[in-house]
Amino acid sequence: DAKYGVSSNMELPNYIDYLIEKNEVPDNSKVLYKGADPSTLLRRLQDAERRLQEIDSLAEQKKWTQINGIVTGPLGTLSMTLSQIASPESSPALKTAAKKLKADVLAIGQAA
């Protein structure tokens, strides 16, 4: 119900309050997503290990389409899983090993 000529009572935000609020540590106890579930990551790694063992016999039988299916399917999630495990805070050795494994899986896919 604003009337002509009457100024609004709208309060402008305070920049100092904004800076204080911005620099507060968030309360993560109420966050919906709390990171990757370790049991899910372990299950994915076990699935990938099991499927990697199938590739040798499939290559001997020259079943390239099935190898490609394994590389793009179950091993496709391996790259994401490794990225979650080898986070920026991880040790350099872990990051190097994850990078090498990703490159090896990519090479298998390209060879198939």
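Per chain, residue numbering runs from 1 following the sequence as it is written. Totals for whole chains, interfaces and linings use all residues, but because this is a predicted model, local features are given only for residues with pLDDT of at least 70 and pairs of side-chain atoms are given and counted only at 80 or more. Excluding hydrogens and water, the side-chain figures rest on all heavy atoms present in the structure.

What is the right way to look at the overall build of the protein in this model?
Scanning the protein from terminus to terminus reveals 5 helices and 0 strands. When its helices and strands are written in sequence order, the protein yields α-α-α-α-α. The reference for a compact globule is 2.2 Å times residues^0.38; the radius of gyration itself is calculated from the C-alpha atoms. A globule of 112 residues ought to have a C-alpha radius of gyration of about 13 Å, yet the protein, at 26 Å, is considerably larger. Seen through its C-alpha atoms, the protein measures out along the principal axes to roughly 85 × 35 × 25 Å. Buried residues are those whose accessible area, probed at 1.4 Å on protein chains only, stays under 20% of the maximum for their type, while exposed residues exceed 50% and partly exposed ones sit between those limits. A buried classification covers 15% of the 112 residues belonging to the protein. A sequence separation of at least 24 residues applies to 50% of the contacts in the protein between residues at least 6 apart. Summed over all atoms, the accessible surface of the protein reaches about 9300 Å², with 57% contributed by carbon and sulfur. In the protein, the 14 positive side-chain charges and the 14 negative ones have mean positions that sit 8 Å from each other. Strands are runs of DSSP state E lasting at least 2 residues, helices are runs of H or I lasting at least 4, and numbering of each runs from the N terminus. Note on contacts: a residue pair qualifies if any of its non-hydrogen atoms lie within 4.5 Å across the two residues. Using the Shrake-Rupley algorithm and a 1.4 Å probe, accessible areas are obtained, with residue cover drawn only from the displayed protein chains. We treat Lys and Arg as the positive residues and Asp and Glu as the negative residues; His and chain ends play no part in the count. Charge positions are represented by NZ for Lys, CZ for Arg, CG for Asp and CD for Glu.

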